[in-house]
Amino acid sequence: QVQLVESGGGLVQSGGSLRLSCAASGFTFSSSAMTWYRQAPGKERELVATISSTGGSTNYADSVKGRFAISRINAANTVYLQMNSLKPEDTAVYYCNARGHSGVRVYDYWGQGTQVTVSS
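Note that the structure is a prediction, hence the values are computed from the model and not measured.

Caption draft 1: Representation of the overall build of the protein chain within the structure. Within the protein chain, the secondary structure is distributed over zero helices and 11 strands. Traced from its N-terminal end to its C-terminal end, the protein chain shows the element sequence β-β-β-β-β-β-β-β-β-β-β. Computed over the C-alpha atoms, the radius of gyration of the protein chain is 14 Å, within 12% of the 14 Å expected from 2.2 N^0.38 for a compact globule of 120 residues. Burial status across the protein chain gives 41% buried among its 120 residues. By sequence separation, contacts in the protein chain at least 24 residues apart represent 54% of the contacts at least 6 residues apart. Carbon and sulfur atoms provide 48% of the accessible area of the protein chain, an area that totals close to 6,100 Å².

The structure is reproduced here in C-alpha cells:
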C-alpha cells in the first residue's frame, strides 16, 4: 500500500539545522512531484518547498528561501528537506506530500508528519 514516512524531526536551538527525510513506497515515486508542508499550532497548513519529479525544478516559500533546501533521490524513493538557520517560527509539524497521475487517475498522498521544534 502507499506509504510516506517522514523522519528527522526533533528539538533544536535557534540557528541550528535539521534534515527531514520522507521515504515513499507503493506508488511511482519518480513520476511524482514532492512537496513539504508544515502546520503550526492554530495555523493553516502551508507549503514549504516543492520539487519536480526529476528534481530539475524547485520552489520555496518566501519565509524559508535561502535557509531550506529540498532534494530527492529517485533511486532511493526518498525526498529530503535540509533546514538551516532554524528560527522559532519554523516550529511546526512537517508533512510530506506526493502528487502525480497514474493513467487518468490523479493521486495526492500524505505522510503522518514529523514534529520540528525550534527553541529560542
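Let us keep going from here.
Caption draft 2: Highlighting the sheet that holds strand β7 (residues 68–73). Taken in spatial order, the four strands of this open sheet run β1-β3-β8-β7, and their pairing is antiparallel. What marks the edges here is a single partner per strand, and that holds for β1 (3–7) and β7. This sheet shows a mean twist of 15° between the axes of neighbouring strands, independent of strand direction. Taken together, the six bridges between strand β3 (residues 18–25) and strand β8 (residues 78–83) define a ladder with antiparallel strand orientation. Each residue of the ladder has a partner; that of Ala23, found in β8, is Thr78.

Caption draft 3: Molecular detail of the environment of Leu47. Relative to the elements of secondary structure, Leu47 occurs in strand β5 (residues 46–51). Here Leu47 falls in the partly exposed class, since its relative accessible area comes to 37%. Taking C-alpha positions, Leu47 is 6.4 Å from Trp36, a pair spaced 11 residues apart along the chain. If sequence neighbours within four positions are ignored, Leu47 has contacts with Thr35, Trp36, Tyr37 and Ala61.

Parameters and conventions
- Residues numbered from 1 in each chain as written.
- Predicted model: local features only at pLDDT ≥ 70, side-chain atom pairs only at ≥ 80, totals over all residues.
- Heavy atoms only, no water.
- Helix = DSSP H or I, 4+ residues; strand = E, 2+ residues; numbered from the N terminus.
- Rg over C-alpha atoms; globule rule 2.2 N^0.38 Å.
- Buried < 20%, exposed > 50% of the residue type's maximum accessible area, 1.4 Å probe, protein only.
- Contact = heavy atoms within 4.5 Å.
- Areas by Shrake-Rupley, 256 points an atom, 1.4 Å probe, with all protein chains shown as cover.
- Pairing = 2+ DSSP bridges.
- Axes fitted to C-alpha atoms, helices over the stretch in contact; angles between N-to-C directions.

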